[in-house]
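# Overview (structure and organization)
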Amino acid sequence: MRSDKKRDVKKRDSKKRDVLIALAMLMLLLGPVLLTPQVRAQGSDEADPGRVTITPFLVNSEEGFPVMAEWGTLIVPERRDDEDSGLIETPFLRFKTSAEKAGPPVVFIDGGPKLEPSTLADPSRFLPMVAIFGPTADVIILEQRGSGQARPRLDCADAYDITLSREAEQGRLARLASAYSAACSRRWNTVDVDLAGYNAREMAGDIEDLRQALGYEQVRLLGAGFGTHVGLTMLKEYEASVERAAFVLIQGPNQTLIVPDSVQLQLERLDARVIDDPIIIQQIPDFIGLVAQVLIGLDQNPVTVPVPDPTTGEAVNVTVGKLDLQRATSLSLAATDQRALPARYYAMSRGDFAWLGEQAWVNRQNVGDGLLPPTVWCSSSATDLRFERTEEQAPNTILGGSINGVWPETCSSIGDVKLDADFRSPVSAETPVLLISGNMDSLTPDTNGDAVLVGLDNGQHLVVDGASHDLVEEALPLITPLLVEFMLGDPYATIEAPNLAIPFNLVPIPIVPVVVDGWQGEYFNNRELLGVPA
């Protein structure tokens, strides 16, 4: 009897799938649908600003079921402050809700900026979000202008390699990056692309234009990382269009340039974790002192490390120095990977620089991610005061300003793209906003959220203890109910989230195998004796 019911369920599921596929094919045959925006310019044609083209689109789920969606293209001005601006195309994906009384759509703003993988490269990754918000509202994901399938796509003809035989040096890296950006900028200038149109302000304008074109009164914003930078810009420029906003990993208007003191703070927080580990503290009594010691050693004597070529498997010599390690450490302090930093520094203090060699190999091969990232960073830039603080703090902190890479030195090679001073002014808004940060993140530290919160009359800032810039992967089960409560409930209600924390376990330090009285083994995890009798 039970097996008959299972067969009936399978038949119904099979029929349901066939119906979905049939409907999808029918919609695909119908072709694209053109939506007329609410406001159109006089003398408009097919390339009018605000024109939207929509085509039925199938997204395959992991279970093999197709999910109906819409693939759209939005025509927008390259620069809204220029009456003679050209027009560009920005694609978007929309999952329509079946709710009779739908709420404002949820617009997701991705991190980055990046060319690939672009926001819409893998639409299936948004299906969990659709499952949560789709029953009550449309879900919309907009491609970042200048990336992915947007037109134009600000890629460059060639990447470049950095020599492996010398340690990294800031001036040399900046010159190489500047030459790359300058050549790429010239290429786009010859085809009349205005690079001053590729920034967070224009991306916020794209969301506003899409809202108007699709006929929504307001939207709900959900952003992460760089997406919070764009989302906060939209709050400043178009607050009346935003019903509420939830931002994870905060990057405010004047927080693109990372000050060295905030990275030093993250290093000190990791040091506190070492102190709290009863085993590792015995092996590394002074973690920050160890970091300084290894950096001094590399500054005086760069090390050449054999690194296996991923393609050929042959060993390639890579020379690493102080800046290589400062940069690798600064970025590691933003990720889950930082839990291995004490063990790695312990290994380097004993001459094992394999990890650093691998990091340098990756960072020096096939360098160059197109023109969009540096153009966006240079357009957001920073206030003169923030640049001054960065220069003053760098010599007095262990890792200096290495986390910023070389983009501040390369902006002149791109051209005059820096936005006006008002762009970097603090956000001031009455819209309900939820901010979520991790307290082990050097890229978007929780202090960013604290600073942004000051201007939000109805803002809340939740900090996940132990979470890094990988917070979404590390703490998704923890933050999802909070996001749902805020996005679907009363946005003015205080979210109670006591004990908001995830485990933060440091990677154990391996001990060299030893032979004692004819018995061979090793304390691999410092807690369990491994090995077999000799």
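Quantities reported herein were computed from a predicted structural model and do not represent experimental measurements.

## Section: the overall build of the chain
Within the chain, the regular secondary structure consists of 16 helices and 14 strands. Scored against the burial criterion, the 534 residues of the chain give a buried share of 51%. Taking the contacts inside the chain whose residues are at least 6 apart along the sequence as the reference set, 73% of them involve residues at least 24 apart.

## What to know about the confidence of the model for the chain
The share of residues in the chain with pLDDT of 70 or more is 87%, and the mean pLDDT across the chain is 89. pLDDT under 50 marks residues 1–45. Its contacts with residues more than four places away, or in other chains, come to 36 contacts. Taken as a whole, residues 523–534 scores under 50 in pLDDT and shows 34 contacts with residues more than four places along the chain or in a different chain.

## Points about helix H5 (residues 226–237)
Given a rise of 1.5 Å per residue, 12 residues ought to cover 16 Å, and the 17 Å separating the end C-alpha atoms of H5 matches this to within 8%. Here H5 lies mainly inside the structure; 10 of its 12 residues are buried. Taken together, the buried positions of H5 are Phe226, Gly227, Thr228, His229, Val230, Gly231, Leu232, Thr233, Met234 and Leu235.

## Digging into the pattern of salt bridges
Evaluated as defined, the whole model comprises 21 salt bridges. The salt bridge partner of Lys114 is Asp110, with a shortest N-O separation of 3.4 Å. Taking relative accessible area as the criterion, Asp110 reaches 9% and is therefore assigned buried. Note that Arg220 is salt-bridged to Glu243, the shortest N-O span being 2.7 Å. Of this pair, Arg220 sits in strand E7 (residues 219–224) while Glu243 is found in strand E8 (residues 242–248), placing the two residues 23 residues apart along the sequence. Put simply, Arg80, Arg145, Glu202, Asp206 and Asp209 are held in one network by salt bridges that share partners.

## Let's talk about helix H12 (residues 372–380)
For H12, the tally of buried residues reaches 8 of 9 residues, placing the bulk of the element in the interior. Within the sequence span of H12, burial applies to Leu372, Pro373, Pro374, Thr375, Val376, Cys378, Ser379 and Ser380. Just beyond H12, the residue with positive phi is Ser381, at close to 50°.

## What to know about a negative patch on the surface
A contiguous patch of negative charge, built from Asp384, Glu388, Glu391 and Glu392, is present on the exposed surface. Within the element layout of this structure, Asp384 appears in helix H13 (residues 384–393).

## Description of the packing of H12 against helix H14 (residues 407–414)
Between H12 and H14, the shortest axis-to-axis distance is 9 Å and the interhelical angle comes to 100°. By the criterion of interaxial angle, the relationship of H12 to H14 is roughly perpendicular. Two secondary-structure elements touch here, H12 through Pro374, Thr375, Trp377 and Cys378 and H14 through Trp407, Cys411 and Ile414.

## Some words on the packing of helix H9 (residues 322–332) against helix H10 (residues 341–349)
Interhelical geometry of H9 versus H10 gives an angle of 160° and a closest axis separation of 11 Å. Relative to H10, the element H9 is oriented roughly antiparallel. For H9 against H10, the interelement crossing comes out right-handed. Each of Leu325, Thr329 and Ser332 in H9 lies in contact with H10, whose residues at this interface are Leu341, Tyr345 and Met348. Here the contact of H9 with H10 is composed, by residue class, of 4 nonpolar, 2 polar and no charged.

## Some details on the state of the cysteines
What the rule picks out here adds up to 2 disulfides. Bridging Cys378 to Cys411, the disulfide has an S-S length of 2.1 Å. Sign of the S-S torsion, about -90° for the bond between Cys378 and Cys411, identifies this disulfide as left-handed. Remark: Cys411 occurs in helix H14 and Cys378 occurs in helix H12; sequence separation between them is 33 residues. The residues Cys378 and Cys411 share a single accessibility class, namely buried. What connects to what in the chain, once the bonded cysteines are numbered by sequence position, is 1-2, 3-4.

Criteria and thresholds
- Residues numbered from 1 in each chain as written.
- Predicted model: local features only at pLDDT ≥ 70, side-chain atom pairs only at ≥ 80, totals over all residues.
- Heavy atoms only, no water.
- Helix = DSSP H or I, 4+ residues; strand = E, 2+ residues; numbered from the N terminus.
- Buried < 20%, exposed > 50% of the residue type's maximum accessible area, 1.4 Å probe, protein only.
- Contact = heavy atoms within 4.5 Å.
- pLDDT = per-residue confidence, 0-100.
- Expected span 1.5 Å × (residues − 1).
- Salt bridge = Lys/Arg side-chain N within 4 Å of Asp/Glu carboxyl O.
- Patch = residues over 30% accessible without salt bridge, like charges linked within 9 Å, V, L, I, M, F, W, Y side chains within 5 Å.
- Areas by Shrake-Rupley, 256 points an atom, 1.4 Å probe, with all protein chains shown as cover.
- Lys, Arg positive; Asp, Glu negative; His and termini not counted.
- Charge placed at Lys NZ, Arg CZ, Asp CG, Glu CD.
- Axes fitted to C-alpha atoms, helices over the stretch in contact; angles between N-to-C directions.
- Parallel < 35°, antiparallel > 145°, perpendicular 65-115°, else oblique.
- Left-handed = near helix turned anticlockwise from the far one by under 90°.
- Nonpolar A, V, L, I, M, F, W, Y, C, P; charged D, E, K, R; others polar.
- Disulfide = S-S within 2.5 Å.

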